[in-house]
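Here are the chains, one letter per residue:
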Amino acid sequence: MSNAPAPSTRPHWRRVALWLAPALTAAVAALWWLRGPVVEVYELSARDFVQTVVASGRVQAPYRVDLGAQVTGTVAQVPVQEGQQVRAGELLVTLRGEEALALERQAALAVTQARARLRQLRELQAPVAEQALRQARVTLDNARSQHQRNTELFARGFIGEAGLDDSHKSLELATAQADSARRQLDSARPAGSDFAIAEAALAQAEAALDAARARRAYLQIRAPRDGVLIARSVEVGDVVQAGHTLMTLSPSGSTQLVVDIDEKNLGLLALGQPALASADAFPQRRFDARLSYINPGVNAQTGAILVKLDVPRPPAELRQDMTVSVDIEVARRPQALVLPLALVHEADGPRPWVLRLEDGRAQRRDITLGLRSGGWAEVRQGLAAGDRLLATLPGPASGTRVRARAASAVAG
């Protein structure tokens, strides 16, 4: 019996292992290929969808009031500051008024003189003219009687022709004096020419006094209505000219947002559309607005359309010329199928499509899109609620087997 050692089996198993390793790797790779790569999927669901047009603009009152002097003068007082809230009638600027005061006093004196002239006509000239008329009529009656007697005496031959001529001349003189006295009385009465001239002089003096008072009132510039002074360009001692703007008032009350919209969105806009806005300084404080004006023209340089939105309840922090962001609601779809535009291939082309998970494979599916807003789009045709879509682009080729994993986040 031989005592030689048995041959070792280690080299044999080493050869087997070297042969099995590639086979196992190929098998694993084949299994991995058969199951497909892991992809994130987005499950389609229905929800209310609002399409908005987003733009930025500025706060603006419907109009502004430029306040200026109506006369040339030197500024004596400016009791208000830029940015101050003022009330209607509040004093804003005072000009020096020595000359205006002197002119007003002179005009008041002229009115006093004109009134005295009318009083003189009523209390003195008219009674004197009336008394003169009575005396002239008595003289006329005496002259007529004397002329009648002289005519009879001349007929009887008791007096000559010279005596008759003298009585006739006395009658003519008395008649002329009576007529003159009557005209003077008529002129002094309310319907007469002297009275009319005196009344006209009084009216002219009163008009001059009103003008002097108005000129003096022009020395005080007051707020025409409640508002905020958004500009001031005057100081004490300045010599200001008539018509020169000294302050700008933004009236209180209605507030508007003036916004430029890209002309490609013109077909989406309509008067009365609601909007949500926020000042850039207070982005978390949103307030309601409503589209009230669409400019009929397009800015040729910028390709934008100017629109205005009314703010029925402006927040207290809103200031003139603040920058604001506006979301105008141009359409609304209740319970619409909505998906992120990031999942859509050729979204702007004539035939947009997505990759839908069907029986473990990614399959191309043509769809029809509707409203779009904020990186999301409404699906009008081609999909149904519950469909799972590949959430990454470009994604695998259509027909590829994949393994699904719920998407943690999808960018719109």
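Residues numbered from 1 in each chain as written. Predicted model: local features only at pLDDT ≥ 70, side-chain atom pairs only at ≥ 80, totals over all residues. Heavy atoms only, no water.

(A) Geometry of the overall build of the protein chain. Along the protein chain, the regular secondary structure elements total 4 helices and 21 strands. By the burial criterion, 32% of the 412 residues in the protein chain qualify as buried. Within the protein chain, contacts between residues at least 6 apart in sequence are counted, and of these 74% link residues at least 24 apart. Taken as a whole, the protein chain presents about 25000 Å² of accessible surface, with 52% of it coming from carbon and sulfur. (Helix = DSSP H or I, 4+ residues; strand = E, 2+ residues; numbered from the N terminus. Buried < 20%, exposed > 50% of the residue type's maximum accessible area, 1.4 Å probe, protein only. Contact = heavy atoms within 4.5 Å. Areas by Shrake-Rupley, 256 points an atom, 1.4 Å probe, with all protein chains shown as cover.)

(B) How the structure looks around the pattern of salt bridges. In the structure shown here, the tally under the stated rule is 19 salt bridges. A salt bridge links Asp-226 to Arg-87, with the nearest nitrogen and oxygen atoms 3.3 Å apart. With a gap of 139 residues between them, Asp-226 in the loop between strand 7 (220–222) and strand 8 (227–232) and Arg-87 in the loop between strand 5 (85–86) and strand 6 (91–95) connect regions that are remote in the sequence. Note that Arg-380 and Glu-378 form a salt bridge whose closest N and O atoms lie 3.5 Å from each other. Connected through shared salt-bridge partners, Glu-104, Arg-213 and Arg-216 make up one network. (Salt bridge = Lys/Arg side-chain N within 4 Å of Asp/Glu carboxyl O.)

(C) Expanded view of the sheet that holds strand 10 (residues 245–251). The strand order 3-10-8-5 describes an open sheet built from 4 strands, whose pairing is antiparallel. Because the sheet does not close on itself, it has two edges, and the strands there are strand 3 (65–68) and strand 5. Inspection of the sheet shows strand 5 paired to strand 8 by 2 bridges, in the antiparallel sense. Pairing of Val-86 across the sheet is with Gly-227, part of strand 8. (Pairing = 2+ DSSP bridges.)

(D) Highlighting the pairing of strand 4 (residues 73–77). Alignment of strand 4 against strand 9 (residues 239–240), held across 2 bridges, turns out to be antiparallel. Bridge pairing links Gly-73 to Val-240 in strand 9. The pairing of strand 4 with strand 6 spans 2 bridges and is antiparallel. Bridge pairing links Gln-77 to Thr-94 in strand 6.

(E) Structural view of the sheet that holds strand 7. Ordered by their spatial adjacency, 4 strands build an open sheet running 7-6-4-9, and the pairing between neighbours is antiparallel. A strand with exactly one partner marks an edge of an open sheet, and here the two such strands are strand 7 and strand 9. By the bridge criterion, 3 bridges tie strand 6 to strand 7 in an arrangement that is antiparallel. Bridge pairing in strand 7 links Val-93 to Ile-221.

(F) Region of interest: the side chain of Ser-250. Along the chain, the position of Ser-250 falls in strand 10. Exposure remark for Ser-250: the relative accessible area of 8% places this residue in the buried category. Here the side chain of Ser-250 touches Gln-320 through a polar contact of 3.1 Å, side chain to side chain. Other than its neighbours up to four places away in sequence, Ser-250 contacts Ala-61, Gly-227, Val-228, Ile-230 and Gln-320. (Polar contact = N/O pair within 3.5 Å; in protein donor to acceptor, adjacent residues only side chain to side chain.)

(G) Structural context of the environment of Gln-85. Structurally, the position occupied by Gln-85 is in strand 5. The sequence separation of Gln-85 and Ser-250 amounts to 165 residues, and the corresponding C-alpha distance is 9.5 Å. Apart from the residues within four sequence positions on either side, Gln-85 is in contact with Glu-90, Gly-227, Val-228 and Ser-252. Polar contacts involving the side chain of Gln-85 include one to the main-chain carbonyl oxygen of Gly-227, which spans 3.2 Å.

(H) A look at the nonpolar core. Within the largest apolar cluster, 23 residues are counted, with the highest numbers of intra-cluster contacts made by Leu-257, Val-259, Ile-261, Val-307, Leu-309, Val-326 and Ile-328. Within the residue set of this core, elements represented by two or more residues are strand 2 (45–60), strand 11 (255–262), strand 12 (274–279), strand 13 (286–294), strand 14 (304–311) and strand 15 (323–340). Among all residues touching Ile-261, those that are not within four sequence positions of it are Val-53, Ala-55, Leu-269, Gly-303, Ala-304, Ile-305, Val-307 and Ile-328. In this structure, Leu-92, Leu-95, Ile-221 and Ala-223 belong to the second largest nonpolar core, which totals 21 residues. (Core = buried A, V, L, I, M, F, W, Y, C linked by side-chain atoms within 4.5 Å.)

(I) Seen up close, the environment of Ala-116. Mapped onto the elements, Ala-116 comes out in helix 2 (residues 98–156). The partly exposed category is assigned to Ala-116, whose relative accessible area is 43%.

(J) Up close: the environment of Ser-45. In this structure, Ser-45 sits in strand 2. Spatially, the C-alpha atoms of Ser-45 and Asp-387 are 8.1 Å apart, while their sequence positions differ by 342 residues.

(K) Structural view of the confidence of the model for the protein chain. Overall, the prediction assigns the protein chain a mean pLDDT of 81, with 83% of residues at 70 or greater. Contacts for the low-pLDDT stretch residues 26–33, under 50 throughout, to residues beyond four places or in other chains number 1 contact. (pLDDT = per-residue confidence, 0-100.)

(L) Broad picture of the packing of aromatic side chains. On inspection of all chains with the given rule, the structure shows 1 aromatic pair. For Arg-47, the ring lying beneath its charged end belongs to Trp-376, and the centroid distance is 4.9 Å. The ring of Tyr-293 has Lys-308 lying over it, and the distance from NZ or CZ to the ring centre is 5.5 Å. (Phe/Tyr/Trp six-rings, centres within 6.5 Å; stacked < 30°, edge-to-face > 60°. Lys NZ or Arg CZ within 6 Å of the ring centre and 35° of its normal.)

(M) The arrangement of unusual backbone geometry in detail. For Gln-335, which is not glycine, the phi torsion reads 50° and is therefore positive. Examined against the element boundaries, Gln-335 turns out to sit in strand 15. In this model, Asp-359 sits at a positive phi of 55°, which is unusual for a non-glycine residue. Mapped onto the secondary structure, Asp-359 falls in the loop between strand 16 (353–358) and strand 17 (361–366). Note on Asp-359: relative accessible area 77%, which makes it exposed.

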